[in-house]
Amino acid sequence: MHELPVIDLSFLDTDSDTLARAISKIGLACRRNGFFQIRGHRISPNLQEEVLSLAKKLYDLSPS
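Report on the accompanying structure. Just so it is clear, the structure is predicted and the values come from calculations on it, not from any experiment.

## Looking at the overall build of the protein
The helix and strand tally for the protein stands at two helices and two strands. Computed over its C-alpha atoms, the radius of gyration of the protein comes to 15 Å, more than 25% above the 11 Å expected for a compact globule of 64 residues. Referenced to the eigenvectors of the C-alpha coordinate spread, the extents of the protein come out at roughly 45 × 30 × 20 Å. Every one of the 64 residues in the protein was classed for burial, and the buried ones make up 8%. Taking all contacts inside the protein whose residues are at least 6 apart in sequence as the whole, residues at least 24 apart take part in 69%. As displayed, the protein offers around 5,700 Å² of accessible surface, 59% of which is attributable to carbon and sulfur atoms. Separation between the mean location of the 8 positive side-chain charges and that of the 8 negative ones in the protein comes to 5 Å.

Put into structure tokens, the structure is as follows:
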């Protein structure tokens, strides 16, 4: 099993070569692991909590 990749997106304001490398890392992580962790994404903690809460509600629904 591979280690969970951590991808830093705090540099997304920079040049297209840097962005292309990040996209490549994400693609590789998806193919190898199926999962990855992102840091430096600038998503507010409030929005993160709301998304997790909505995901929990979704997975708590009955399959019917």
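Following the structure, the description resumes.
## Considering the environment of L28
Examined against the element boundaries, L28 turns out to sit in helix α1 (residues 16–32). Overall, the relative accessible area of 36% leaves L28 in the partly exposed class. Sequence separation of L28 and P5 is 23 residues, and the distance between their C-alpha atoms is 9.4 Å.

## Here we look at a nonpolar patch on the surface
Taken together, the side chains of L12, L19 and I23 define a hydrophobic patch exposed on the protein surface, amounting to about 250 Å² of accessible area. Turning to its location among the elements, L19 is positioned in helix α1. With relative accessibility at 36%, the residue L19 sits in the partly exposed group.

## A word on unusual backbone geometry
Backbone geometry at R42 places phi at a positive 65°, although glycine is not the residue there. Locating R42 in the fold gives a position in the loop between β2 (37–39) and α2 (45–60).

Rules behind the numbers
Residues numbered from 1 in each chain as written. Predicted model: local features only at pLDDT ≥ 70, side-chain atom pairs only at ≥ 80, totals over all residues. Heavy atoms only, no water. Helix = DSSP H or I, 4+ residues; strand = E, 2+ residues; numbered from the N terminus. Rg over C-alpha atoms; globule rule 2.2 N^0.38 Å. Buried < 20%, exposed > 50% of the residue type's maximum accessible area, 1.4 Å probe, protein only. Contact = heavy atoms within 4.5 Å. Areas by Shrake-Rupley, 256 points an atom, 1.4 Å probe, with all protein chains shown as cover. Lys, Arg positive; Asp, Glu negative; His and termini not counted. Charge placed at Lys NZ, Arg CZ, Asp CG, Glu CD. Patch = residues over 30% accessible without salt bridge, like charges linked within 9 Å, V, L, I, M, F, W, Y side chains within 5 Å. Salt bridge = Lys/Arg side-chain N within 4 Å of Asp/Glu carboxyl O.

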